[in-house]
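What follows is each chain in one-letter form.
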Amino acid sequence: MVTIRNIVILTGAGVSAESGIDTFRSAGGLWENHAVEDVATPEAFARDPDLVLRFYDMRRAAIQTKQPNAAHLALARLDRAWDGELLIVTQNVDDLHERAGASRVLHMHGEHLNAWCTACDVRSPWTGPLIDRPPCPACGEASLRPDVVWFGEMPYRMDAIFAALREADLFVSIGTSGAVYPAAGFVRNARELGAATLELNLEPSQGTRWFDEARHGPATELVPAWVDEMLARPA
């Protein structure tokens, strides 16, 4: 049996979909038929800030009504029990990993429950609306925007992610489309560095061919079963 000590897990929208959180790629479009370009780019925010803020205010409020599902809970159980290095890199901007109890989580695309002040560069916990231009808790300026990485912006903490991939014995991708870079390229990075690779996804992703093993089905079924396997491995 191959020794696995260090694990990097990438999670995407498929992990939270079963908690009722819609994705940018869900059928039926986004919100009131707005395209990504209308609500998820810096240019959109500059062009129509009220539209963008309303969109994110609605999503921020909705996320707070959702609950972690069995996949989140299983990953939190693995996080608590795994003695080696473990990092959950999530593309999701909800807080369901944390509410499930996971602590080794990195949000590469930001977090809905934060606001970023473009005046002083401070990120503050935020659960209410931004449409009325509230002052920044740190500097008092009315310069808050959603702390979410929009298309065309650089994901957060890429150095930390690549450092974890360099040390990983196993890379697992859960609930991702394999279409959004740079996250879609992590499997190839991991393979080149010698890690085993596993995909857990509802259906084959665009990058399935890069994985050593792929299992397809609902995250709430696949992830708990895989975590059970990992925790049953001999020390």
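Residues numbered from 1 in each chain as written. Predicted model: local features only at pLDDT ≥ 70, side-chain atom pairs only at ≥ 80, totals over all residues. Heavy atoms only, no water.

The name that an unreviewed UniProt entry assigns to the protein is NAD-dependent protein deacylase, with the source organism given as Novosphingobium soli. The UniProt entry for the protein carries the following comment under Subcellular location (unreviewed entry): "Cytoplasm". Listed in UniProt under the heading Function (unreviewed entry), the comment for the protein reads: "NAD-dependent lysine deacetylase and desuccinylase that specifically removes acetyl and succinyl groups on target proteins. Modulates the activities of several proteins which are inactive in their acylated form." (UniProt positions renumbered as here; feature names shortened; annotations may be inferred.)

Peer 1: Kindly report on the nonpolar core, identifying the contributing residues and their values.
Peer 2: With 26 residues, the main nonpolar core has I9, V172, V223 and W226 as its most contacted residues. Of all the elements in the fold, those that place two or more residues in this core are strand 1 (7–11), helix 5 (70–81), strand 2 (86–90), strand 7 (170–174), strand 8 (196–201) and helix 9 (219–232). A per-element tally of this core places helix 9 first, with six residues. With sequence-adjacent residues up to four places away left out, W226 is seen in contact with I9, L75, L78, L170, V172, L198, L200 and R215. Counting 18 residues, the second largest nonpolar core, distinct from the first, contains L87, L106, I161 and F171. (Core = buried A, V, L, I, M, F, W, Y, C linked by side-chain atoms within 4.5 Å. Buried < 20%, exposed > 50% of the residue type's maximum accessible area, 1.4 Å probe, protein only. Helix = DSSP H or I, 4+ residues; strand = E, 2+ residues; numbered from the N terminus. Contact = heavy atoms within 4.5 Å.)

Peer 1: Give me the pattern of salt bridges: which residues, what numbers.
Peer 2: One pass over the full model with this rule turns up eleven salt bridges. The residue D228 makes a salt bridge to R77 at a minimum N-O spacing of 3.0 Å. Here D228 is found in helix 9, whereas its partner R77 is found in helix 5, with 151 residues between them in sequence. The exposure class assigned to D228 is partly exposed, which follows from its relative accessible area of 43%. (Salt bridge = Lys/Arg side-chain N within 4 Å of Asp/Glu carboxyl O.)

Peer 1: Could you give an account of the sheet that holds strand 1, naming the residues involved and the relevant values?
Peer 2: Spatial strand order, 3-2-1-7-8-9: six strands in an open sheet with parallel pairing. For this open sheet the edge positions go to strand 3 (105–107) and strand 9 (213–216), each flanked by a neighbour on one side alone. The mean inter-strand angle of the sheet, taken between neighbouring strand axes irrespective of direction, is 15 degrees. Relative to strand 2, strand 1 runs parallel, the two sharing five bridges. Residue I7 lies in a different strand from strand 2, and its bridge partner there is L86. (Pairing = 2+ DSSP bridges. Axes fitted to C-alpha atoms, helices over the stretch in contact; angles between N-to-C directions.)

Peer 1: If you had to explain the packing of aromatic side chains to someone new, which residues and values would you point to?
Peer 2: Considering all chains together, one arrives at five aromatic pairs under this definition. Judged by centre distance (6.4 Å) and plane angle (15 degrees), the rings of F171 and F211 are stacked. Residue F171 is located in strand 7, and its partner F211 is located in the loop between strand 8 and strand 9; the two are separated by 40 residues in the primary sequence. Using a relative accessible area of 11% as the deciding quantity, one classes F211 as buried. An aromatic cluster is present here, built from F45, F55, Y56 and W150 joined pairwise through their rings. Taking NZ or CZ as reference, R123 lies 4.5 Å from the ring centre of W116, over its face. It is R145 that lies over the ring of W150; its NZ or CZ is 3.7 Å from the centre. (Phe/Tyr/Trp six-rings, centres within 6.5 Å; stacked < 30°, edge-to-face > 60°. Lys NZ or Arg CZ within 6 Å of the ring centre and 35° of its normal.)

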